[in-house]
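# Structural characterization, general
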Amino acid sequence: MDPLGAPSQFVDVDTLPSWGDSCEDELNTSDTAAETLQENTVRSPFLYNKDISGKVILWKGDVALLNCTAIVNTSNESLTDKNPVSESIFMLAGPDLKEDLQKLKGCRTGEAKLTKGFNLAARFIIHTVGPKYKSRYRTAAESSLYSCYRNVLQLAKEQSMSSVGFCVINSAKRGYPLEDATHIALRTVRRFLEIHGETIEKVVFAVSELEEATYQKLLPLYFPRSLKEECRSLPYLPADIGNAEGEPVVPERQIRISEKPGAPEDNQEEEAEGLGVDLSFIGSHAFARMEGDIDKQRRLILQGQLSEAALQKQHQRKCLLKQFRISPFSSIKKSSLCASGYNRWLCQARSEDLSDIASLKALYQTGVDNCGRTVMVVVGRNIPVTLIDMDKALLYFIHVMDHIAVKEYVLVYFHTLTSEYNHLDSDFLKKLYDVVDVKYKRNLKAVYFVHPTFRSKVSTWFFTTFSVSGLKDKIHHVDSLHQLFSAISPEQIDFPPFVLEYDARENGPYYTSYPPSPDL
């Protein structure tokens, strides 16, 4: 009901024309002409795909009026933002929504959380928090906005939602340039539909009159409705089109360690043939990593040169490797099979309910350091070691970190005001270090141990000297936040309030004004 008591005019997404049906170009190009275009022109990394374009809808209207499985609400960290989108959703959903939101205990930038739709036509509302935009930290803002769209879609996939209505996630008060934000939104949705298109039937971009023109201009770049439109749009694509999932890429960080190919021995091939296992690929791919040259694959995918059959074959090979538990090949080293154990943990992490661990807010992603590397925060005081299942804590760590660890990253561990009930013992840390995949160790570039005690320094020295190797040089003990800011700008870290208060009390107010915490 609207404020005057009249019934709201909900709009069924099935009645809206798709983006693919709105093309003025000649869609029914003859086969001969189509083949000529494909052979004689450079193809766009976003190929014309009638099925994908048919899933997308551009609609000028209020997202709260959409009758679909879920609509998206853009808000702030406390989920109390008052913007035109959220106010309309709150008004139509009714008072029960506010009560449900309080149970979520906020939402960090880039995350997505779910509530019921209550009086809306949509069954669910997915709440997400877009980043505040500053040109100095553009890379961090791009990554956060990408996470918003990606996490919304991932949540929709996990909940088997058939249709999602997006508002423009970056609200005006957060200052994100509309055109830049639209590029990220469209390419993220496009890449997701390429990979998981079978799970979602319709994606609606609900825009205002001011936003419509930008979407009309940029949609053809990512969702061309004909071969002609694909060719015409190619010159207007930005230099950065993201990776294979649409995630922003920092070119200077695209360095990978080359692989060491090794051929299987003859007896391995004979035993494998008896088991119906194809090991012919080991000669050109590192078995320990269980994957091919990712950069090369992504480049080929973007260029449209890697066929669907080839992708399927690679996927089957990876799945086959994941099934190994005990190898029948005595000459394959134990280290080559470590990823199998990790994959078991990863599969369990993705299937288990870890909401109780997540609610502790002991591990979260924040911005980037001065070298552009992702910063992950661990809050020691928020880990009640004696009260929680530490195996579940390990599962949650893997669940959060698996996609982070594929790139270089740093950890900031706040030891501030921890008690004996918060200390992670060396046995747990050793187990974690042994379980995680090699990418975690290779891409971890620094651990900033903030506000250490004498006891913790001694414990860290013993652990890195006698329990694990290669970690000692990455540990940096940081006695004050001022030291930390030489490596990571304060705007790039979401601080727990008690950390700021403790540091100001112990080290003095050297900083004129601390950056606000999202929980404040």
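A short tour of the structure in this document, coming up.

Here is what the cut-offs are and how they apply
Every residue gets a number counted from 1 within its own chain, in the order that chain's sequence is written. Local features in this predicted model are restricted to residues whose pLDDT is 70 or higher, and side-chain atom pairs enter the listing and the counts only when it is 80 or higher, whereas totals over whole chains, interfaces and linings include all residues. Heavy atoms throughout the structure, all of them, feed into the side-chain values; hydrogens and water do not. Elements are defined by DSSP. Helices are runs of H or I of four residues or more, strands are runs of E of two residues or more, and each kind is numbered from the N terminus. In what follows, a contact means two residues having at least one pair of non-hydrogen atoms within 4.5 Å. Where accessible areas are quoted, they stem from the Shrake-Rupley method and a 1.4 Å probe; at the residue level, only the protein chains shown are allowed to cover. Multiplying one less than the number of residues by 1.5 Å gives the expected span of a helix. The rule is simple: take the accessible area with a 1.4 Å probe, protein chains only, and divide by the maximum for that residue type; under 20% is buried, over 50% is exposed, in between is partly exposed. Definition used in this section: a nonpolar core is a set of buried Ala, Val, Leu, Ile, Met, Phe, Trp, Tyr and Cys residues joined via side-chain atoms within 4.5 Å. Centres within 6.5 Å make a pair out of two Phe, Tyr or Trp rings, where for Trp the six-membered ring is used; the pair is then stacked when the planes are under 30 degrees apart, edge-to-face when over 60, and tilted otherwise. Between any two strands, at least two bridges found by DSSP are needed for them to pair. In this analysis an axis means a line fitted to C-alpha atoms, helices contributing only their contacting stretch, and an angle means the value between N-to-C directions, from 0 to 180 degrees. In these notes the angle categories are as follows: under 35 degrees is roughly parallel, over 145 is roughly antiparallel, 65 to 115 is roughly perpendicular, and the rest is oblique. Helix crossings fall into two classes, left-handed where the near helix is turned counterclockwise from the far one by less than a right angle and right-handed where it is turned clockwise. Only protein atoms enter the 1 Å grid used here. Points where a 1.4 Å probe fits but cannot escape make up a cavity, open sets with protein on both sides within 12 Å along at least five of seven lines make up a pocket, and a residue lines them when an atom lies within 4 Å of a point. Grid points are joined across faces, edges and corners, and a volume is the space filled by probe spheres set on the points. Put simply, Ala, Val, Leu, Ile, Met, Phe, Trp, Tyr, Cys and Pro go in the nonpolar bin, Asp, Glu, Lys and Arg in the charged bin, and everything else, Gly too, in the polar bin. Between Lys or Arg on one side and Asp or Glu on the other, a salt bridge is scored when a side-chain nitrogen of the former is within 4 Å of a carboxyl oxygen of the latter. For patch detection, residues must exceed 30% relative accessible area and be free of salt bridges, and they are connected within 9 Å for like charges or within 5 Å for nonpolar side chains (Val, Leu, Ile, Met, Phe, Trp, Tyr).

Helix and strand counts for the chain stand at 19 helices and 13 strands. Of the contacts formed within the chain by residues at least 6 apart in sequence, a portion of 76% connects residues at least 24 apart. Summing over all exposed atoms, the chain offers an accessible surface of approximately 26,500 Å²; the carbon and sulfur share of this is 51%.

Let's shift gears to helix H5 (residues 138–158). Over its 21 residues, H5 runs 30 Å from end to end, which matches the ideal 30 Å to within 8%, given 1.5 Å per residue. Most of H5 is tucked away: 15 of the 21 residues are buried. Looking one or two residues beyond H5, the residue adopting positive phi is Ser-160, at roughly 55 degrees.

A separate point is the nonpolar core. Grouped together as the largest cluster of nonpolar side chains are 70 residues, with contacts concentrated most on Leu-66, Ile-71, Phe-166, Phe-205, Tyr-215 and Phe-223. Counting residues per element, this core draws most heavily on H5, which supplies 9 residues. Setting aside residues no more than four positions away along its own chain, Ile-71 makes contact with Val-63, Ala-64, Leu-66, Ile-89, Leu-120, Ala-122, Phe-124, Ile-125, Ile-126 and Gly-165. Judged by nonpolar contacts, the second largest core, of 40 residues, contains Tyr-342, Ile-404, Val-447 and Leu-471.

Looking now at the packing of aromatic side chains. For the structure shown, the criterion picks out 11 aromatic pairs. Taking 4.9 Å as the distance between ring centres and 70 degrees as the angle between the ring planes, the aromatic pair formed by Phe-46 and Tyr-222 counts as edge-to-face. Of the two residues, Phe-46 sits in the loop between helix H1 (31–40) and helix H2 (50–53) while Tyr-222 sits in helix H7 (residues 209–222), which places them 176 residues apart along the sequence. A single burial state applies to Phe-46 and to Tyr-222, both of which are buried. Look at Tyr-342 and Tyr-440: their rings are 5.7 Å apart centre to centre, the planes differ by 70 degrees, and that puts the pair in the edge-to-face class.

Within the open sheet, the 5 strands sit side by side as E9-E10-E11-E12-E13. Their pairing is mixed. Of all strands in the sheet, those bounded by a partner on one side alone are strand E9 (363–368) and strand E13 (475–478). Averaged over all pairs of adjacent strands, the angle between strand axes in this sheet comes to 25 degrees, irrespective of strand direction. The pairing of strand E11 (residues 409–414) with strand E12 (residues 444–450) spans 6 bridges and is classified as parallel. Paired with Tyr-413 across the bridge in E12 is Phe-449. Contacts from helix H14 (residues 390–401) reach E9, strand E10 (374–379) and E11 within the one sheet, and its direction differs from that of E9 by about 30 degrees.

What follows concerns the side chain of Lys-474. Positionally, Lys-474 belongs in the loop between helix H17 (454–467) and E13. Here Lys-474 is in contact with Lys-441, Leu-444, Lys-445, Ala-446 and Val-447, once residues within four sequence places are set aside.

What follows is about the sheet that holds strand E7 (residues 163–166). On the basis of which strands lie adjacent, the open sheet formed by 6 strands has the order E2-E8-E7-E4-E6-E5 and mixed pairing. On the outer flanks of this sheet lie strand E2 (56–60) and strand E5 (112–116), each paired with one strand and no other. Between one strand axis and the next, the sheet turns through 25 degrees on average, direction left out of account. Bridge analysis of strand E4 (residues 70–75) against E7 gives 2 bridges, and the strand direction is parallel. For Ile-71, the partnering residue across the bridge sits in E7 and is Gly-165. In this fold H7 packs onto E2 and strand E8 (202–207), with an angle of close to 155 degrees to the strand it touches most, E2.

Here the focus is the packing of H14 against helix H15 (residues 426–435). In the contact formed by H14 and H15, the axes pass within 11 Å of each other and the chain directions differ by 40 degrees. When the axes of H14 and H15 are compared, the pair comes out oblique. Classified by chirality, the crossing of H15 by H14 is right-handed. Between H14 and H15, the residues in contact are Met-390, Asp-391, Leu-394, Phe-397 and Ile-398 and Phe-428, Lys-431, Leu-432 and Val-435, respectively.

Its boundaries defined by the atoms lining it, the second largest pocket holds a volume of some 1,100 Å³. Lining the second largest pocket we find 38 residues, and of these Val-378, Tyr-413, Leu-424, Phe-428 and Leu-429 sit closest to its centre. Those elements giving two or more residues to the lining of the second largest pocket turn out to be H14, E11, H15, helix H16 (438–443), E12 and H17. For the lining of the second largest pocket, the element with the most residues is H17, which contributes 6 residues. Partitioning the lining of the second largest pocket into residue classes produces 27 nonpolar, 7 polar and 4 charged.

Per the counting criterion, the structure on display carries 18 salt bridges. Across the pair Glu-179 and Lys-217 runs a salt bridge whose closest N-O atoms are separated by 2.9 Å. One end of the pair, Glu-179, is in helix H6 (residues 178–196); the other, Lys-217, is in helix H7, and 38 residues separate them in sequence. Residues joined by salt bridges that share partners form a network here, namely Arg-190, Arg-191 and Glu-194.

Another point: a nonpolar patch on the surface. On the surface, a nonpolar cluster with roughly 600 Å² of combined accessible area is contributed by Phe-454, Val-458, Trp-461, Phe-462 and Phe-466. Structurally, Phe-454 is set in helix H17.

A few words on the pairing of E7. Taken residue by residue, a regular strand's side chains alternate between the two faces of the sheet. Alternating residues of E7 divide into Ser-163 and Gly-165 and Val-164 and Phe-166, and every residue in both groups is buried. Pairing geometry for E7 and E8, over 4 bridges, is parallel. In the sheet register, Phe-166 faces E8, and the bridge partner there is Phe-205.

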